[in-house]
Amino acid sequence: MMNKTDKAIYFDYASTTPVDPRVANKMMEYLTADGHFGNAASRSHIFGWKAEEGIEKARHQVASLINADSREIVWTSGATESDNLAIKGAARFYKAKGNHIITSKIEHKAVLDPCRQLEREGFEVTYLDPDENGIVSLESIKNAVKDATILISIMHINNELGSVNDIKSIGEYARSKGIIFHVDAAQSTGKLKIDVKEMNVDLMSLTAGKTYGPKGVGALYVSRKPRVRLEALIHGGGHERGFRSGTLPTHQIVGMGEAYKLAAEEMDQDNERIAKLAKYFWKELSEIEEIFLNGSHENKVPNITNISFAYVEGESLIMALKDVAVSSGSACTSASLEPSYVLRALGRPDELAHSSIRFSFGRFTTEEEVKTVAEIAKKAVEQLRELSPLWDMFKDGVDLEKVEWAPH
Amino acid sequence: MAYSRKVIKKFEDTLNNPAAHSVGRLDASSKNVGTGMVGAPACGDVMRLQIEVSDDGLITDCKFKTYGCGSAIASSQQMIEMLKGKTLAEAKQIKDKDIAKVLELPPIKIHCSVLAEDSIKKAIEDYESKKTPA
């Protein structure tokens, strides 16, 4: 192990997960000269056939986790590419039918930025507000739909909050209207049961790197019944039935397949264990005064806990949580110096966004780690409040809303 | 957050031993005390500096509290070190660049040192306004 991460505790699984050792072992079989290193597009020899065999098995494994047909899986480089292919690909293919797209303000940038690009190309995009818990309501979608609407893109689980959208209801409605429905499921594989048929999903973005598979590989589910068509983004050889050209990275794909197979087998036990840890963690942290859970208590996956610690700035809290890897909605941790747009969209005041920390647990999180981090966090918040003029003022009964600040 | 070791050390020392690092407050109503509070919670940083000044214009004590990122807290601490034992005239000469330079602040964090300079100005202003007969 590299010494720098030796004592650090990783609570940032929603950002990416480590590769499960069982997955890494499988990948190793597809890299070296004594393994199946061939190009799956080589139809003339055994090296190519073996690679293709591995890829087709993985295609079944990925399809099986979301109850799709393996012919509905298109390999990509990750969820960002899948989102781009789904949104730009569908919009451009169906532009003769209409030019209106509906999405939400708390989607991942991999959805929002392609939407912005489509606006530059003449499409109209409605960005829906979620409710205060980070849920996009079916009502708000219904109200936004018009004759020109060709695509709805809504995420399954929000990456900052862990809030869960009601994909099945939205899917049922979109199908009844004949509108293509895309779901970014980057956070939900191995966390929630996914059934694209039952949910009436037309396009679904998947990634390996958040489900104990390798980074750099993902997939897009493209429904065959009803048949959804896309304009490709990458041309050059017609691989993946023309949806995505390029030599397939066999080891990555095999890794994704194995990771999804494990997700299917171990989801229930992983979730049950993580839910217990999360419950304990929240119970411990709720001893701290003036903290707020961002997102819904009920409609949330347990692996993500996003908390605002009032009167403490997020980046300083991260520094005080030395050796604990977490992320923050604070402006100071972003290159743009803007606080989290997700928390802003919930109507949270900026100061609470600056004070937010996302803790995310995973398969390898232990009870010991949760206990340790809860203790460290309690101490760090107390120490930073000791340093905080805002905490002083709060304790003195000053209404911070009424203070005239000098913004800079 | 590619901070220099100096920022990290200042931050951690202050966190672990606030009393020894001038964290606290002085009586804002005293006529020998000047208070400067700058920044805003919505921007992610608020700095409060208080200086106690003797009748011959020497800074005899200073305390601060800061809500903000690690470099804002380290900049506050650096400012305190630079202020101690100075005359008001000397304190007025402390510039944000001096603080940024000592701490090797990354460009994106320069506003933390600007905030520190502003808090010195405000604190001196407050003190001087108390001395001027209304």
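For clarity, every value in this text was computed on a predicted model and none was experimentally measured.

1. Overview of the overall build of chain B
Then, in step 1: Along its length, chain B carries five helices and three strands.
Then, in step 2: Secondary structure elements in chain B, listed N-terminal to C-terminal, are α-β-β-β-α-α-α-α.
Then, in step 3: Over its C-alpha atoms chain B spans a radius of gyration of 14 Å, differing by no more than 12% from the 14 Å that the globule rule assigns to 134 residues.
Then, in step 4: Over its C-alpha atoms, taken along the principal directions, chain B stretches across nearly 50 × 30 × 25 Å.
Then, in step 5: Long-range contacts, defined here as pairs at least 24 residues apart, represent 60% of the contacts in chain B between residues at least 6 apart.

2. With respect to the sheet that holds strand E3 (residues 59–67) of chain B
All names here are of chain B.
Then, in step 1: Here we have three strands laid out as an open sheet, ordered E1-E2-E3, and antiparallel in their pairing. Only two strands of the sheet have a single neighbouring strand rather than two, namely strand E1 (33–40) and E3. Between one strand axis and the next, the sheet turns by 10° as a mean value, whatever way the strands run.
Then, in step 2: Where E1 lies against strand E2 (residues 45–53), eight bridges are found, and the strand directions are antiparallel.

3. A few points about the environment of Arg 175 of chain A
Residues and elements named next belong to chain A.
Then, in step 1: Along the chain, Arg 175 turns up in helix H6 (residues 167–177).
Then, in step 2: We classify Arg 175 as partly exposed; it has 16 C-beta atoms within 10 Å.
Then, in step 3: C-alpha separation for the pair Arg 175 and Arg 229, spaced 54 residues apart in sequence, amounts to 15 Å.

4. A word on the UniProt feature "modified residue: N6-(pyridoxal phosphate)lysine" (unreviewed entry) in chain A
All names here are of chain A.
Then, in step 1: Those places that UniProt annotates as "modified residue: N6-(pyridoxal phosphate)lysine" (unreviewed entry) correspond, in this numbering, to Lys 210.
Then, in step 2: One can find Lys 210 in the loop between strand E7 (203–207) and strand E8 (218–222).
Then, in step 3: Contact partners of Lys 210, with chain neighbours within four places excluded, come to Thr 16, Thr 17, Ala 186 and Gln 187.

Conventions used here
- Residues numbered from 1 in each chain as written.
- Chains lettered and ligands numbered in written order.
- Predicted model: local features only at pLDDT ≥ 70, side-chain atom pairs only at ≥ 80, totals over all residues.
- Helix = DSSP H or I, 4+ residues; strand = E, 2+ residues; numbered from the N terminus.
- Rg over C-alpha atoms; globule rule 2.2 N^0.38 Å.
- Contact = placed C-beta atoms within 7 Å.
- Pairing = 2+ DSSP bridges.
- Axes fitted to C-alpha atoms, helices over the stretch in contact; angles between N-to-C directions.
- Buried ≥ 20, exposed ≤ 12 C-beta atoms within 10 Å, placed from the backbone.
- UniProt positions renumbered as here; feature names shortened; annotations may be inferred.

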